[in-house]
Amino acid sequence: EVQLVESGGGLVQPGGSLRLSCAASGFTFSNYAMTWVRQAPGKGLEWVSAINSGGESTSYADSVKGRFTISRDNAKNTLYLQMNSLKPEDTAVYYCAKTPQSFLPVHNIKRYEFDYWGQGTQVTVSS
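Residues numbered from 1 in each chain as written. Predicted model: local features only at pLDDT ≥ 70, side-chain atom pairs only at ≥ 80, totals over all residues. Heavy atoms only, no water.

**Q** Give a description of the sheet that holds strand β8 (residues 78-83) that names residues and reports values.
**A** Read across the sheet, four strands follow the order β1-β3-β8-β7 without closing on themselves; strand pairing throughout is antiparallel. The open sheet has two free edges, formed respectively by β1 (3-7) and β7 (68-73), since each of these has just one partner strand. Averaged over all neighbouring strand pairs, the angle between strand axes comes to 15°, with direction disregarded. Relative to strand β3 (residues 18-25), β1 is paired through five bridges, and the arrangement is antiparallel. Within the sheet, the bridge partner assigned to Ser7 lies in β3 and is Ser21. (Pairing = 2+ DSSP bridges. Helix = DSSP H or I, 4+ residues; strand = E, 2+ residues; numbered from the N terminus. Axes fitted to C-alpha atoms, helices over the stretch in contact; angles between N-to-C directions.)

**Q** How would you summarise the nonpolar core if you had to cite specific residues and measurements?
**A** Among the nonpolar cores identified, the biggest contains 39 residues, and Phe27, Trp36, Phe68, Leu79, Leu81, Met83 and Tyr94 are the most heavily contacted of them. Listed by contribution, the elements that provide at least two residues to this core are β3, β4 (34-39), β5 (45-51), β7, β8, β9 (92-98) and β11 (121-125). With residues up to four places along the chain from it excluded, the contact list for Phe27 reads Val2, Leu4, Tyr32, Met34 and Lys98. (Core = buried A, V, L, I, M, F, W, Y, C linked by side-chain atoms within 4.5 Å. Buried < 20%, exposed > 50% of the residue type's maximum accessible area, 1.4 Å probe, protein only. Contact = heavy atoms within 4.5 Å.)

**Q** Which residues make up the environment of Phe27, and what values go with them?
**A** In this fold, Phe27 is placed in the loop between β3 and β4. Residue Phe27 is classed as buried on the basis of its relative accessible area, which comes to 15%. Sequence separation of Phe27 and Ser63 is 36 residues, and the distance between their C-alpha atoms is 31 Å.

Structure follows, in structure tokens:
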């Protein structure tokens, strides 16, 4: 059974940092590109970032480029999102999601329908 479990969310002041983690199990983690997607209150899903299976290639939404860093540790089956210089508009539930096919490249990854999602972790940026 595929499981994705996010952690690391919380309340942080503007300009602060958080690191999200996503623990994966039930599939060969190192074979799949992974993504982060967020949903702000009252808004739709917004793709945030993606990383390829080996961790060498990444992609970011313009809204987070230069502030967020995606990474992965395939030995620990864990995906990360380091979030720096946080803004109130980053407030959202953050989800990690698995891509549906192995070894997908990160370019155009948004066109795929992600097949497994975690339960989400709340990030609130407020003073």
